[in-house]
Amino acid sequence: MGVTCTFSAMLASVIASPELAFAQAKKTQRIDVHHHIAAPSWLQAIKMIGADDPVIANWSVQKSLDDMDKGGIATAVLSGNPPQVRPLDRDAAARIARESNEYVKQLTTSHPGRFGVFAMLPLPHIEESLKEIAYALDTLKADGVGVLTNYGDKWLGYSYFEPIWEELNRRRATVYTHPADANCCVNLVQGVPSVLIEWGADTTRSITSLVFSGTSQKYRDINWIFSHGGGGLTAFAERLLVQMVTTPPYLGRFTREIVQAELNRFHYDTAQVSLAGTLAALAKLVPVSQIVYGSDFPYRTAAEQSEGVRRHVRRAGSQACESRKRATHSAAAGERLIPVPRVCVDLACQ
Ligand SMILES: [Zn+2]
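For the structure given in this document, a descriptive report is provided here. All of these numbers come straight from a predicted model, not from anything done at the bench. Counting starts from 1 at the beginning of each chain's written sequence and moves along it residue by residue. Residue-level local features of this predicted model are given only where pLDDT is at least 70; pairs of side-chain atoms are given and counted only at 80 or more, and the full residue set underlies all totals for whole chains, interfaces and linings.

1. Concerning the nonpolar core
This is how it is decided: A set of buried Ala, Val, Leu, Ile, Met, Phe, Trp, Tyr and Cys residues, joined to one another through C-beta atoms within 7 Å, is what we call a nonpolar core. As a rule, residues whose C-beta atom has 12 or fewer other C-beta atoms within 10 Å are exposed, those with 20 or more are buried, and those in between are partly exposed; C-beta atoms are placed from the backbone. The contact criterion used here is simple: two residues whose C-beta atoms, placed from the backbone, lie within 7 Å are in contact.
Counting residues in each nonpolar core, the largest one holds 78 residues, and the members touching the most others are Leu78, Phe118, Ala119, Leu121, Val145, Leu168 and Val175. With residues near it in sequence (within four places) discarded, Phe118 still touches Val77, Leu78, Ser79, Ala142, Asp143, Gly144, Val145, Gly146 and Tyr176.

2. Details of the pairing of strand 6 (residues 223–226)
This is how it is decided: Any two strands between which DSSP finds at least two bridges are classified as paired. Secondary structure counts use DSSP, requiring at least four H or I residues in a row for a helix and at least two E residues in a row for a strand, with both numbered from the N terminus.
Sheet topology places strand 5 (residues 174–178) next to strand 6; 4 bridges connect them, and they run parallel. By the bridge assignment, Thr177 is partnered in strand 6 with Phe226. Relative to strand 7 (residues 267–269), strand 6 runs parallel, the two sharing 2 bridges. Each bridged residue has a counterpart across the sheet, and for Ile225 the counterpart in strand 7 is His267.

3. A short note on the packing of helix 3 (residues 40–48) against helix 6 (residues 90–110)
Put simply, the rule is: The axes used here are C-alpha line fits, helices contributing only the stretch in contact, and every angle between their N-to-C directions lies in the interval 0 to 180 degrees. All residues other than Ala, Val, Leu, Ile, Met, Phe, Trp, Tyr, Cys, Pro, Asp, Glu, Lys and Arg, Gly among them, are scored as polar; the first ten of these are nonpolar and the last four charged.
The contact between helix 3 and helix 6 brings their axes to 7 Å, and the two run at 145 degrees. Contact with helix 3, carried on its side by Pro40, Ser41, Trp42 and Ala45, involves Ala92, Ile96, Glu99, Ser100 and Tyr103 of helix 6 and no other residues of that element. Its residues assigned to classes, the contact of helix 3 with helix 6 shows 6 nonpolar, 2 polar and 1 charged.

4. Re the pairing of strand 5
Rule in force here: Handedness of a crossover: with both strands directed away from the viewer, a clockwise path from the first strand across the helix to the second marks it as right-handed.
When you tally the buried positions in strand 5, you get 5 out of 5 residues, the bulk of the element. Alternating residues of strand 5 divide into Thr174, Tyr176 and His178 and Val175 and Thr177, and every residue in both groups is buried. For strand 4 (residues 144–148) and strand 5, the ladder comprises 4 bridges, and the chain directions are parallel. Bridge pairing links Val145 to Val175 in strand 5. For the crossover that starts at strand 4, traverses helix 8 (residues 162–170) and ends in the parallel strand 5, the hand is right-handed.

5. Section: helix 13 (residues 276–285)
The criterion, for reference: Taken from the helix axis, the directions to the C-beta atoms give the arc we talk about.
When helix 13 is considered as a whole, its buried residues turn out to be Leu279, Leu282 and Ala283. Viewed along the axis of helix 13, the buried residues span an arc of 95 degrees, placing them on a single side of the element. Opposite the buried face of helix 13, at more than 90 degrees from it, the exposed residues are Gly277 and Lys284.

Below, the structure written as structure tokens:
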């Protein structure tokens, strides 16, 4: 086991030869679980209500492929951009979610092995979402579903979502989550966009809601992925692990060990948390095997996120490589992707 390629060598190869860069990307087998796209019908619908932004409006498939090659990404699992279809009415939400999922599925067949699918659901509409779960997982063979951390005034641990979790648990599905504006928390502070602070806080709100409602324990077969290292999770961990479990109504119902066990089984992506302090804190809070790679393209690039992750893994050294040995991996075209310790693979330690 030795480091067979360095990031700088990989970057040089990108400049020298796009084909070589793609080959290198395939060699690293890195899976990006946090990669945004804009299906044409979704973008049109979102533009009509003024909920688009210039970054996602200018997205293209080729831009995704170019960024993946530059950042050493073999496969990107694509998901819908916030606010997904949440602002649309019931019928439009169901139709646009379906068209978006079919569009992404087409990308997986036109670019074999390079893309996966986290299907968009027409939430908060439960019946329509159950239909889309069946279509996405049975017909489209999606790798999982991609949901928001909140639906206006409801978070993922609310009983409202029970039928969704019951079905996804039965299917042992992967549920990828992405933050979005909650009704409570937009335009709170002049000059501080909600994406900057509130999205991280909202991710932690949803984790807390899932754990302390008992939802995550009840639906143990759902494989959760939380964006951005769980948002503020590392900063708030002591409140969850110590303060909450010693305070009514959670005293006696939860222990530190129970809460830690839940945190230990979730996955967390590295998007926007690739700096040394945040990534190191996350790796101290949960096993490194639970940290999966995320780029947040097109809002960030895979190259810059990979650089931060690579530096961390180099510091973590053998622990990360040992973790990789235990990993199982299935990125071949047509197979469902299983989140694995992509952080380690960044080291190219095979
Ligand atoms: Zn994102």
